[in-house]
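Structural description and commentary
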Amino acid sequence: MQGRARSARTAAPRTGRELRVVSEDTYTDWHAVYQDNVGWVYGLMLAKVGNRADAEDLTGEVFLAALRPLRVSASIPEVRAYLRATAKSVLAQHWRRRLGCEITTIDDDMPQADTADPETSDAPERARAMLEQLPERYRRILELRFLQGCSVREAAAELGISAVNARVLQHRALRMAAQLERKPR
């Protein structure tokens, strides 16, 4: 019996990579991935940072980070799960850059479709409450930079200080805000 060919019923040896059937629930191209997911990613970022400019930048970062490793042939739920995980990483990097610590979590019940409503976010109220606890100069720099969307130079001119001083003031204000956030209430 040696030298006989394998019968059709015998499985071929495994190569380490198994093939799977790709369902029809896939995106046609990267544009379709972006169009279908940009709304909820942006809504999530806006709810987490409370600032349109930062939310737009972070949304772009999510899609750029996902561009290379994400397969367009992945199913729609797989793409959304990957984008969600990427969004979590991008937010963690954002807060680490801003505050020196990771303070972001994404709930498991996050909407998977374009249903995020920025008007229902409590971020503005939390930001106001935090700002009220800060000294006047710290509060003012953060209001100018993040609520009014001023550049560092514009904020510095408004405060009558140098741009370098404005950056230092902003950094100190963000650190103090992070410390206040960590204190038990």
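Structure: see above.
Structure report, in brief.

Definitions and limits used
Residues numbered from 1 in each chain as written. Predicted model: local features only at pLDDT ≥ 70, side-chain atom pairs only at ≥ 80, totals over all residues. Heavy atoms only, no water. Buried < 20%, exposed > 50% of the residue type's maximum accessible area, 1.4 Å probe, protein only. Helix = DSSP H or I, 4+ residues; strand = E, 2+ residues; numbered from the N terminus. Arc of directions from axis to C-beta. Contact = heavy atoms within 4.5 Å. Salt bridge = Lys/Arg side-chain N within 4 Å of Asp/Glu carboxyl O. Expected span 1.5 Å × (residues − 1). Patch = residues over 30% accessible without salt bridge, like charges linked within 9 Å, V, L, I, M, F, W, Y side chains within 5 Å. Areas by Shrake-Rupley, 256 points an atom, 1.4 Å probe, with all protein chains shown as cover. Axes fitted to C-alpha atoms, helices over the stretch in contact; angles between N-to-C directions. Parallel < 35°, antiparallel > 145°, perpendicular 65-115°, else oblique. Nonpolar A, V, L, I, M, F, W, Y, C, P; charged D, E, K, R; others polar. Phe/Tyr/Trp six-rings, centres within 6.5 Å; stacked < 30°, edge-to-face > 60°. Core = buried A, V, L, I, M, F, W, Y, C linked by side-chain atoms within 4.5 Å.

1. Notes on helix H6 (residues 152-159)
Looking at H6, one finds that the buried residues are Val152, Ala155, Ala156 and Leu159. Buried positions in H6, seen along its axis, are confined to an arc of 100 degrees and lie on one side of it. Facing away from the buried side of H6 by over 90 degrees, the exposed positions are Arg153, Ala157 and Glu158. If you follow the buried residues of H6, they end up packed against helix H5 (136-147) and helix H7 (163-182).

2. Quick word on the pattern of salt bridges
Tallying each qualifying case throughout the model produces 5 salt bridges. Arg97 is paired through a salt bridge with Glu61; the nearest N and O atoms lie 3.7 Å apart. One end of the pair, Arg97, is in helix H3 (residues 76-99); the other, Glu61, is in helix H2 (residues 52-67), with 36 residues separating them in the sequence. Here Arg97 falls in the exposed class, since its relative accessible area comes to 53%.

3. Notes on H7
The terminal C-alpha atoms of H7, which comprises 20 residues, lie 29 Å apart, in line with the 28 Å expected from a rise of 1.5 Å per residue. For H7, the complete set of buried residues consists of Ala166, Leu169, Gln170, Ala173, Leu174, Ala177, Ala178 and Leu180.

4. Points about a nonpolar patch on the surface
Judged by side-chain polarity, Trp30, Leu64 and Leu67 come together as a nonpolar surface patch covering roughly 300 Å² of accessible area. Along the chain, Leu67 turns up in helix H2.

5. Examining the side chain of His94
Take His94: it is sitting in helix H3. Ignoring sequence-local partners within four residues, the contact set of His94 consists of Val49, Asp54 and Leu58.

6. Describing the packing of H5 against H7
How two helices pack is summed up by the angle between their axes together with the distance between the axes. Closest axis-to-axis distance for the H5/H7 pair is 9 Å, and the angle between their directions is 105 degrees. In terms of orientation, H5 lies roughly perpendicular with respect to H7. Here Arg137, Tyr138, Ile141, Leu142, Arg145 and Phe146 of H5 come into contact with H7, specifically with Ala166, Leu169, Gln170, Arg172, Ala173, Leu174 and Met176. Residue classes in the contact of H5 with H7 are distributed as 9 nonpolar, 1 polar and 3 charged.

7. Some words on the packing of aromatic side chains
To describe a pair of aromatic rings, you give the distance between the ring centres and the angle between the ring planes. Within this structure, the stated rule accounts for 1 aromatic pair. Their ring planes at 65 degrees and their centres at 4.9 Å tell us that Tyr34 and Phe63 sit as a pair that is edge-to-face. Of this pair, Tyr34 sits in helix H1 (residues 30-49) while Phe63 sits in helix H2; the two residues are 29 residues apart in sequence, bridging distant segments of the chain.

8. Here's the deal with the nonpolar core
In this structure, Met45, Val62, Val79, Leu83, Ile141 and Leu142 are the most contacted members of the largest nonpolar core, which totals 45 residues. For this core, the elements supplying multiple residues, two or more each, are H1, H2, H3, helix H4 (123-132), H5, H6 and H7. The dominant element in this core, judged by the number of residues it contributes, is H1, at 8 residues. Residues in contact with Met45, not counting those within four places in the same chain, are Gly50, Ala55, Leu58, Thr59, Val62, Ala87 and Leu91.

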